[in-house]
Amino acid sequence: MPFDLIVIGSGPAGYVAAIRAAQLGLKTALVEKKDLGGVCLNWGCIPTKSLLTSANLLQLFKKSQQYGIKATKVEFNLDHILSRSRHIVDDLQQGVAFLIQKHDIQLIYGTAQILPEKTLRVKYKQQQTQYKFDNVIIATGAKPKHLYGPQIPTLGNYKCAMSIREIPKKMLIIGSGAIGLELAYFYNALGSKVIIVEQHAHILPNADIDISRAMSQSLNNQGIKLLTNSRINKIQYLKSKETTIYIEALNKKDDLQVNVDYIISAIGVAPYTKHLGLDNVGIQLTPKGHIKVNEYYETNIKHYYAIGDVIPGFSLAHVASHEAKICVEHIMGLNPNPLNYNNIPMCIYTNPEIAFVGYSEKEALDKGFEIKVGKFPFSALGKAKINGETEGFIKVIFDKQYGEWLGCHMIGKGVTELITEVIIARHLETTHMEVLESTHPHPSINESIVEAIENAYGKSIHI
């Protein structure tokens, strides 16, 4: 008897799709080649946030005196910090395994290859088994992009960065996206001298320019060196375990040469589509290697779907999980609404944190909107002063004509939790008036959203 649905990949796209399918009564199988939970659970979202929590606590102890508490001696144990992150991963992985078993999903370990006539071949060690299906969802995710060049023992990706069992004296990170900034913050907090190389004119090139500038200033204040408009020209490994990096300064003449202990490449990810047998059934790819899908994640071949990092769009766990639910519900004929990709939050868990959703100011103007912009600094917020975390601000962008909430950009402590209010408000097509007519608690951090909107409309009380 064939499966109603086979899902390839058990990350936040795959296991969510399998569970939702089982909930809706489909006989479901889930194929995983290695680690249940995918990159997000094993080497991405979960363990990195554990490391950052340790770094935040360390930083808090270092400034405890401002709260009237004297911490005479602050020490940390790197092995314990790393092992704690792995214990959390193990616990959550067991939780996913329990949910798969609870929903009677057949978990198949091995490497999958799609064959003609709705057949999937799974190879595990020396065994090969074929399975029939009515529908298949490809959720194989992505892998780190390679930094091409000589084999350098001290050059690695995010997995390497979370496995180093020593505090590097000097570390260079290539790329200033979420992964690069989070790793830079972690190792800087532990005492490493960190350099970030970014080829664009600003770090976080996809963020609003005000956020980029504020984060640059914060990182500089923390002692992290930023080399923007720069790229790696050459890497030379020395046997003394020190690596010489030649950095080309774009649009400038002052090229640079630095020596570091470790180089971490955080230049993004590429879809994992090779060796899946997509050619066997004629599934189409984009020029960058992603699987082409429609708004319900169906490929050009009926009954073949793809979700998550393997398709064009956001490489984010929460996006992948949402796509999974929509995809399965579409298969079942439930007519789900397509995902609004303009209302997807981007969160970075450094200190200060960053969160944003919707259009940046430049994007809104480029789209032809006439806009109203408001900002409110945490330095003017009572709860932020109480918390001792006054760095950052809220920036809101509204359409002047209709009051549509076009975007919101935040930097500061706790903003990765605060952004949810904006997401729900935008989903409900809330205008500035509905927010201003809603009472927010005092003192609270979310008062800053109201204050920023008041600023946009010339109604500021506290600035």
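Residues take numbers from 1 onward in each chain, read along the sequence in its written order. Under the rules for a predicted model, residues below a pLDDT of 70 receive no local features and side-chain atom pairs below 80 are neither given nor counted, while totals for whole chains, interfaces and linings still include all residues. Water and hydrogen atoms were dropped before computing side-chain values, which therefore reflect all heavy atoms in the structure.

**Focus: the overall build of the protein chain**
Point 1. Here a helix means four or more residues in a row that DSSP labels H or I, a strand means two or more in a row labelled E, and each is numbered from the N terminus. Broken down by element type, the protein chain carries 13 helices and 22 strands.
Point 2. Each principal axis of the C-alpha distribution contributes one length, and for the protein chain these read about 65 × 65 × 45 Å.
Point 3. Remark: exposure states derive from per-residue accessible area (1.4 Å probe, protein chains only) relative to the maximum for the residue type, with buried under 20%, exposed over 50%, and partly exposed in between. Buried residues in the protein chain amount to 50% of all 463 residues.
Point 4. Should any heavy atoms of two residues lie within 4.5 Å, those residues are counted as being in contact. For the protein chain, contacts bridging at least 24 residues in sequence account for 62% of all contacts bridging at least 6.
Point 5. Under the convention used here, a 1.4 Å probe and the Shrake-Rupley method define accessible areas, while residue burial counts only the protein chains that appear. When the accessible area of the protein chain is evaluated, it comes to approximately 22,800 Å², of which 50% is carbon and sulfur surface.

**Focus on the state of the cysteines**
Point 1. Count a disulfide wherever a pair of cysteine sulfur atoms falls within 2.5 Å. The full count for this structure, using the stated rule, is 0 disulfides.
Point 2. A disulfide-free cysteine, cysteine 408 has its sulfur positioned 11 Å from the sulfur of cysteine 347, the nearest such atom.

**A few points about unusual backbone geometry**
Point 1. Of note, the bond from asparagine 351 into proline 352 is cis; its omega dihedral lies within 30 degrees of zero at 10 degrees.
Point 2. Turning to its location among the elements, proline 352 is positioned in the loop between β18 (346-348) and β19 (353-358).
Point 3. That bond from histidine 442 to proline 443 is cis: its omega, -5 degrees, falls within 30 degrees of zero.
Point 4. Residue histidine 275 is not a glycine yet carries a positive backbone phi of 65 degrees.
Point 5. With respect to the helices and strands, histidine 275 occurs in the loop between β16 (269-271) and β17 (304-306).

**Here we look at the nonpolar core**
Point 1. Put simply, buried Ala, Val, Leu, Ile, Met, Phe, Trp, Tyr and Cys residues joined by side-chain atoms within 4.5 Å make one nonpolar core. Counting residues in hydrophobic clusters, the biggest one holds 56 residues, and the most contacted among them are Ile6, Leu120, Ile137, Ile138 and Ile307.
Point 2. Sequence-distant contacts of isoleucine 6, defined by excluding residues within four places in its chain, comprise Ala29, Val31, Leu120, Tyr131, Lys132, Phe133, Asn135, Val136 and Ile137.

**Comments concerning empty space enclosed by the protein**
Gaps left between atoms are located by rolling a probe of water-molecule size over the structure's atoms.
Point 1. In this analysis a 1.4 Å probe is tested at points of a 1 Å grid over the protein atoms alone, and where it fits but cannot get out there is a cavity; an open set with protein on both sides within 12 Å along at least five of seven lines is a pocket; lining residues have an atom within 4 Å of a point. Grid points are joined across faces, edges and corners, and a volume is the space filled by probe spheres set on the points. Applying the stated rule across the entire model yields 1 cavity of 30 Å³ or more.
Point 2. A volume near 50 Å³ is recorded for the largest cavity.
Point 3. The wall of the largest cavity is formed by Pro144, Lys145, Asn157, Tyr158, Ile179, Ser265, Ala266, Ile267, Gly268 and Val269.
Point 4. Classes in brief: Ala, Val, Leu, Ile, Met, Phe, Trp, Tyr, Cys and Pro nonpolar; Asp, Glu, Lys and Arg charged; the others, Gly included, polar. Of the residues that constitute the lining of the largest cavity, the class distribution is 6 nonpolar, 3 polar and 1 charged.

**Focus: the packing of aromatic side chains**
Point 1. To pair, rings of Phe, Tyr and Trp, with the six-membered ring standing in for Trp, must have centres within 6.5 Å; the planes then decide the type, stacked if under 30 degrees apart, edge-to-face if over 60, and tilted in the middle. Scanning the entire structure with this criterion turns up 7 aromatic pairs.
Point 2. On the numbers, 4.9 Å between centres and 80 degrees between planes, the contact of phenylalanine 186 with tyrosine 187 is edge-to-face.
Point 3. Judged by its relative accessible area of 1%, phenylalanine 186 falls in the buried class.
Point 4. Note on phenylalanine 398 and tyrosine 457: the rings are 5.8 Å apart at their centroids and 70 degrees apart in plane angle, and the pair reads as edge-to-face. Of this pair, phenylalanine 398 sits in strand β21 (residues 392-399) while tyrosine 457 sits in the segment after α13 (447-456), placing them 59 residues apart in sequence. We note that phenylalanine 398, like tyrosine 457, is buried.

**Topic: helix α3 (residues 45-62)**
Point 1. Here the expected length of a helix is defined as 1.5 Å per residue gap, with one fewer gap than residues. Here α3 contains 18 residues, and its C-alpha end-to-end distance of 26 Å stays within 8% of the 26 Å for a straight helix at 1.5 Å per residue.
Point 2. For α3, the elements touching its buried residues are α2 (38-43), α4 (78-102) and α6 (178-189).

**So, the packing of α3 against α6**
A packed helix pair is summarised by two numbers, namely the angle formed by the two axes and the spacing between the axes.
Point 1. Interhelical geometry of α3 versus α6 gives an angle of 40 degrees and a closest axis separation of 9 Å. Between α3 and α6, the angle is such that the two are oblique. Note that α3 runs across α6; the crossing there is left-handed. Across from Thr48, Lys49, Leu51, Leu52, Ala55, Asn56, Leu58, Gln59 and Lys62 in α3, the residues of α6 making contact are Glu182, Tyr185, Phe186 and Ala189.
Point 2. By residue class, the composition of the contact of α3 with α6 is 7 nonpolar, 3 polar and 3 charged. Angles here are taken between N-to-C directions and fall from 0 to 180 degrees, while the axes themselves are lines fitted to C-alpha atoms, restricted in helices to the stretch in contact. Should an angle fall under 35 degrees it is called roughly parallel, over 145 degrees roughly antiparallel, and 65 to 115 degrees roughly perpendicular, with every other angle called oblique. Working rule for handedness: look at the near helix, and if it is turned counterclockwise from the far one by less than a right angle, call the crossing left-handed; if clockwise, right-handed.

**Comments concerning the pattern of salt bridges**
Point 1. Only one rule defines a salt bridge in this text: a Lys or Arg side-chain nitrogen within 4 Å of an Asp or Glu carboxyl oxygen. Under the defined criterion, the tally for this structure stands at 12 salt bridges.
Point 2. Between lysine 63 and glutamate 389 there is a salt bridge, and its shortest N-O distance comes to 3.1 Å. One end of the pair, lysine 63, is in the loop between α3 and α4; the other, glutamate 389, is in the loop between α10 (382-387) and β21, with 326 residues separating them in the sequence.
Point 3. Among the residues examined, lysine 63 registers a relative accessible area of 27% and is labelled partly exposed.

**Brief notes about the layout of surface pockets**
Point 1. Of the voids in this model, the second largest pocket is the one considered here, and its volume is about 360 Å³.
Point 2. What lines the second largest pocket is a set of 14 residues, among which His322, Leu339, Asn340, Asn343 and His427 lie closest to the centre.
Point 3. Those elements giving two or more residues to the lining of the second largest pocket turn out to be α8 (317-331) and α11 (415-427).
Point 4. Of all the elements, α8 adds the most residues to the lining of the second largest pocket, at 4 residues.

**Side note on the packing of α3 against α4**
Point 1. The geometry of α3 relative to α4 is characterised by a closest axis approach of 9 Å and an angle of 140 degrees between their N-to-C directions. Between α3 and α4, the angle is such that the two are oblique. Where α3 crosses over α4, the handedness of that crossing is right-handed. Residue-level contacts link Ile46, Pro47, Ser50, Leu51 and Ser54 of α3 to Ile81, Leu82, Arg84, Ser85, Arg86, Ile88, Val89 and Leu92 of α4.
Point 2. Class assignment of the residues belonging to the contact of α3 with α4 gives a composition of 8 nonpolar, 3 polar and 2 charged.

**A look at the sheet that holds strand β20 (residues 371-377)**
Point 1. In short, DSSP must find at least two bridges between two strands for them to pair. Spatial strand order, β18-β19-β22-β21-β20: 5 strands in an open sheet with antiparallel pairing. Each edge of the open sheet carries a strand with a single partner, namely β18 and β20. The average angle at which neighbouring strand axes cross in this sheet is 10 degrees, direction not considered.

**Brief notes about the sheet that holds strand β10 (residues 193-197)**
Strand pairing in a sheet takes place through backbone hydrogen bonds and is either antiparallel or parallel in direction.
Point 1. Overall, parallel pairing links the 5 strands, which are arranged β8-β15-β9-β10-β11 in an open sheet. The open sheet has two edge strands with one neighbour each: β8 (155-156) and β11 (225-227).
Point 2. Relative to β10, strand β9 (residues 170-174) is paired through 5 bridges, and the arrangement is parallel. Its bridge partner lying in β10, isoleucine 173 is registered against isoleucine 196.
Point 3. Its contacts with the sheet put α6 on β9, β10 and β15 (262-265), and the angle it makes with β10 is roughly 165 degrees.

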